[in-house]
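Each chain, written out:
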Amino acid sequence: MDASIVAALCSRAGQMAPAELRALRHVLGVAISGLDAEHSLPTDPRKLAAIRAIQDSLFHLTNYPGHIPDDGMMWTGRPAFVTDAVLAALQCRARAESVNKIRSGKHFFVECPAMLELLPPGALASFLQALEGGLQPRGKANLQYYEAPGECIGAHVDVDDFGLSGVMLLRHEHQQPRASRLWVFPRGQAPKVVELEPGHMVIFCGQAVIHQRTAVAAGEQVTTLAINISASRE
Ligand SMILES: [Fe+2]
């Protein structure tokens, strides 16, 4: 896709209905689906210009009304409410739910809002309110499983009607050095890896920033929990 086409597609975004915006994000998502974060952005000047135009456009298309850092990361770390006992309960339930997993592209997932019931009551909502006014959990959550060599999520942006996600690493087992990592493509910068340990969570605007999880190698297994977050101003 050419940068001028990106500009033309996005020029009427301000007048688009939510369904049209969702479709436009989907089109832009298809345009970046061939990116490979670990092997850098395109070197061809025209292709790189198109990617940069898409990155800028995505920031204007998100329905999250607050400030979004160039890398989309609103917060990274292990929340205090994720104690060792809470993490163990989340890991146990995720292991049990894996029998229900269904394929989505190159990985598997399970919709499982019941994971949120394993968190201390009100802890996630309080945590989000303290980060930036108006953030709150939507009550939706799903598990992602990467267990066979090659399982991954390619470079993409989230196309759902929510601005932010919380993504927690529940489990990362490996025999060799880790091959699978979360990568983000910050606006106007080189791609970068987000190092996570079990229990760590990112609060992240996946609607605005291209991201991916690279493939697990033989003997490597990853489980993550994604939590939908909304802003009261949406
Ligand atoms: Fe995503």
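Residues numbered from 1 in each chain as written. Predicted model: local features only at pLDDT ≥ 70, side-chain atom pairs only at ≥ 80, totals over all residues.

Novice: Mind showing me how you'd approach the overall build of the chain here?
Specialist: Per the secondary structure count, the chain includes five helices and 11 strands. The C-alpha radius of gyration of the chain comes to 18 Å, within 12% of the 17 Å expected for a compact globule of 234 residues. Once the C-alpha set of the chain is aligned to its principal axes, its extents read approximately 50 × 40 × 30 Å. Of all 234 residues assigned to the chain, the portion counted as buried reaches 35%. If you take every contact in the chain between residues at least 6 apart in sequence, the share linking residues at least 24 apart comes to 86%. (Helix = DSSP H or I, 4+ residues; strand = E, 2+ residues; numbered from the N terminus. Rg over C-alpha atoms; globule rule 2.2 N^0.38 Å. Buried ≥ 20, exposed ≤ 12 C-beta atoms within 10 Å, placed from the backbone. Contact = placed C-beta atoms within 7 Å.)

Novice: Looking at this structure, I do not really get the sheet that holds strand β2 (residues 102-104). What am I missing?
Specialist: As a general point, the strands of a sheet are linked pairwise by backbone hydrogen bonds and lie either parallel or antiparallel. Taken in spatial order, the seven strands make up an open sheet running β1-β9-β6-β11-β4-β3-β2, and their pairing is antiparallel. Where the open sheet ends on each side, the last strands, each with one partner, are β1 (73-77) and β2. Taken pair by pair, the neighbouring strands of this sheet meet at an average axis angle of 25°, ignoring direction. The pairing of strand β4 (residues 135-146) with strand β11 (residues 221-231) spans nine bridges and is classified as antiparallel. In the strand pairing of β11, Q144 is matched with T224. (Pairing = 2+ DSSP bridges. Axes fitted to C-alpha atoms, helices over the stretch in contact; angles between N-to-C directions.)

Novice: Would you mind going over the sheet that holds strand β10 (residues 210-213) with me for this structure?
Specialist: Pairing in this open sheet of four strands is antiparallel, and the strands run β5-β10-β7-β8 from one edge to the other. Every interior strand has two partners, whereas the edge strands, β5 (153-156) and β8 (192-194), have only one. Strand-to-strand twist in this sheet, taken as the mean axis angle between neighbours without regard to direction, amounts to 20°. Relative to β10, strand β7 (residues 182-185) is paired through four bridges, and the arrangement is antiparallel. Directly across from V184, in β10, lies its bridge partner H211.

Novice: I would appreciate a short explanation of the environment of F81 in the present structure.
Specialist: Along the chain, the position of F81 falls in the loop between β1 and α4 (84-97). You can call F81 partly exposed: it has 13 C-beta atoms within 10 Å. The spatial distance from the C-alpha of F81 to the C-alpha of F108 is 27 Å, given a sequence separation of 27 residues. Residues in contact with F81, not counting those within four places in the same chain, are V86, L119, P120, A123 and F127.

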